[in-house]
Amino acid sequence: MDDTLLDKLEVLADAAKYDASCASSGAKRRAGGADGLGSTTGAGICHAYTPDGRCVSLLKILLTNYCLYDCAYCINRRSSNVRRARFSVEEVVRLTLGFYKRNCIEGLFLSSGIIRSPDYTMEQMMLVARSLRRDHGFAGYIHLKTIPEASPWLIEQAGLWADRLSINLELASDRSLKAFAPEKDGASIKAVMGQVGERIVEAKEERRRFSPAGQSTQMIVGADESTDLSVLETSDTLYRRYGLRRVYYSAFSPIPEASSVLPLKPPPLQRENRLYQADWLLRYYGFTVEEIAGGGEGGMLDLGIDPKLAWALKNRERFPVDVNRADREMLLRVPGLGARAVDKIVEARRHTTLRLEDVARLSSGLKRARAFLVTADHHPGGLTDRADLRQRLVAPPKQLSLF
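This structure is a prediction, so every number in the text was calculated from the model and none was measured. (Residues numbered from 1 in each chain as written. Predicted model: local features only at pLDDT ≥ 70, side-chain atom pairs only at ≥ 80, totals over all residues. Heavy atoms only, no water.)

### A few points about the overall build of the protein chain
Step number 1: Counting secondary structure elements, the protein chain contains 15 helices and 12 strands.
Step number 2: Seen along its three principal axes, the alpha-carbon backbone of the protein chain occupies a region of about 70 × 55 × 50 Å.
Step number 3: Taken over 403 residues, the protein chain has a buried fraction of 53%.
Step number 4: Pairs at least 24 apart in sequence give 66% of the contacts found in the protein chain among residues at least 6 apart.
Step number 5: For the protein chain, the accessible area works out to roughly 19700 Å², and carbon and sulfur atoms hold 50% of it. (Helix = DSSP H or I, 4+ residues; strand = E, 2+ residues; numbered from the N terminus. Buried < 20%, exposed > 50% of the residue type's maximum accessible area, 1.4 Å probe, protein only. Contact = heavy atoms within 4.5 Å. Areas by Shrake-Rupley, 256 points an atom, 1.4 Å probe, with all protein chains shown as cover.)

Below is the structure:
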């Protein structure tokens with residue numbers, strides 16, 4: 001790798017670190033074959049761990065960090081005084097293949113600042129994916145950021161070659177987006193989400209390829225005054241209306257020479273974590289937004305405990321739950337029981353009456369769950385109603401020793 005390309009890689013890999021929406025979950029297993037190159041699995045990449053413990057990663061870069069837009073929260077905005085660089089299509093292809101052959105990556109995550117025009121930028125990213133697939137037989141994972149202002153035809157072409165498309169909504173409210181990113185339009189972003197969603201559904205029905213791993217988006221948390229309730233309401237709408245596979249949450253990080261409209265300090269990182277937990281409850285546990293965040297102070301999630309435990313403590317009259325009789329929907333609401341554990345419990349109780357030791361074998365979260373569960377040999381008694389139940393279930397913070 002020559003020094004010029006290495007310098008570009010240093011700039012554009014660093015510039016891409018603010019985008020959280022990089023995972024290959026949902027991509028079908030695919031191999032390049034005898035004459036092809038690469039493979040993809042259904043496991044997540046971007047320095048994530050697969051179920052069998054492997055760490056897999058992708059090349060996460062920008063095509064360029066030059067940008068015509070001046071979004072206040074973005075380090076690569078037009079008015080930012082940062083080092084700039086730009087890859088050619090051929091350079092990104094060469095880097096991807098080179099890193100793959102060295103066994104460094106299993107895929108590519110490509111985004112970009114807006115150069116010349118949205119159409120030109122979208123075309124360049126599409127050409128990267130097309131060249132990898134068609135000219136080099138690359139069967140690894142490809143995730144492309146789409147540009148809402150680009151031609152619908154170009155976005156559809158990108159979906160033919162990419163495993164996943166994503167369009168960053170950036171902020172939970174259109175008002176905030178207008179204030180922080182005046183060149184962007186929330187309605188246009190959602191219109192493209194709708195277009196991509198329709199094409200994905202059509203492709204599945206017609207058994208043809210179009211963004212087979214779906215589409216995702218990202219929202220910045222803590223840059224504006226949006227509450228957790230409003231963020232989750234937006235996410236819920238996106239899941240239901242556009243069939244998004246995933247919404248990513250990125251805690252705002254102060255940037256050099258920031259606009260005066262931005263906060264001086266980042267939000268607690270725990271807020272980002274709680275939003276991911278709440279998002280999981282929305283998608284897989286049957287909770288509503290109102291149940292998760294509606295009772296929070298000022299529309300904010302409790303940073304001290306996870307959202308499921310917070311709900312259970314506020315709804316103690318629903319507990320304890322009998323593991324041998326309760327329906328699956330109620331078992332999913334028990335703190336400490338995950339969806340897989342609940343499915344194992346439902347299957348196991350068809351053959352035997354479950355005791356506490358049986359639940360312990362089926363779930364690693366029994367310590368938290370036992371205060372909310374009834375088994376053949378266990379009843380929490382008055383534990384569920386104790387005023388100090390929260391303190392009993394949540395360990396106090398502890399300063400770790402450096403030595």
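Further notes follow.
### Re the sheet that holds strand β7 (residues 141–145)
Step number 1: Taken together, the six strands give an open sheet; going across it, the order is β5-β6-β7-β8-β9-β10, and neighbouring strands pair in parallel fashion. Edge positions in the open sheet fall to β5 (59–62) and β10 (246–251), since each of these has one partner strand only. Averaged over neighbouring strand pairs, the angle between their axes works out to 20° when direction is ignored.
Step number 2: Bridging between strand β9 (residues 215–221) and β10 involves six bridges; their strand directions are parallel. In the sheet register, Met219 faces β10, and the bridge partner there is Tyr249. (Pairing = 2+ DSSP bridges. Axes fitted to C-alpha atoms, helices over the stretch in contact; angles between N-to-C directions.)

### Things to note about helix α12 (residues 339–348)
Step number 1: Residues of α12 that are buried: Ala339, Ala341, Val342, Ile345, Val346 and Ala348.
Step number 2: Considering only its buried residues, α12 is in contact with α11 (328–331) and α13 (356–362).

### Observations concerning the UniProt feature "domain: Elp3/MiaA/NifB-like radical SAM core" (unreviewed entry) in the protein chain
Step number 1: UniProt feature "domain: Elp3/MiaA/NifB-like radical SAM core" (unreviewed entry): in the numbering of this structure it lies at residues 57–278.
Step number 2: This span, residues 57–278, is 42% helix and 14% strand, and a straight line between its end C-alpha atoms measures 26 Å. (UniProt positions renumbered as here; feature names shortened; annotations may be inferred.)

### Some words on the pattern of salt bridges
Step number 1: Counting across every chain of the model gives 25 salt bridges.
Step number 2: With a closest N to O distance of 3.2 Å, Asp14 and Lys17 form a salt bridge.
Step number 3: Look at Asp14 and you get partly exposed, because its relative accessible area is 41%.
Step number 4: Under the relative-accessibility criterion, Lys17 is labelled partly exposed at 49%.
Step number 5: Here Arg350 makes a salt bridge to Glu347, at a shortest N to O gap of 3.0 Å.
Step number 6: Residue classification places Arg350 among the exposed positions, given a relative accessible area of 61%.
Step number 7: Here Glu347 falls in the partly exposed class, since its relative accessible area comes to 38%.
Step number 8: Where salt bridges share partners, they join Glu156, Glu198, Arg199, Glu202, Glu206 and Arg208 into one cluster. (Salt bridge = Lys/Arg side-chain N within 4 Å of Asp/Glu carboxyl O.)

### Here's the deal with the side chain of Thr217
Step number 1: With respect to the helices, strands and loops of the structure, Thr217 is situated in strand β9.
Step number 2: Reaching out from Thr217, the side chain makes a polar contact with the backbone oxygen of Ile167 at a distance of 2.4 Å. (Polar contact = N/O pair within 3.5 Å; in protein donor to acceptor, adjacent residues only side chain to side chain.)

### What to know about the state of the cysteines
Step number 1: The tally for this structure, following the rule as stated, stands at zero disulfides.
Step number 2: The structure places no disulfide on Cys71, whose sulfur is separated from the nearest cysteine sulfur, that of Cys74, by 6.1 Å. (Disulfide = S-S within 2.5 Å.)

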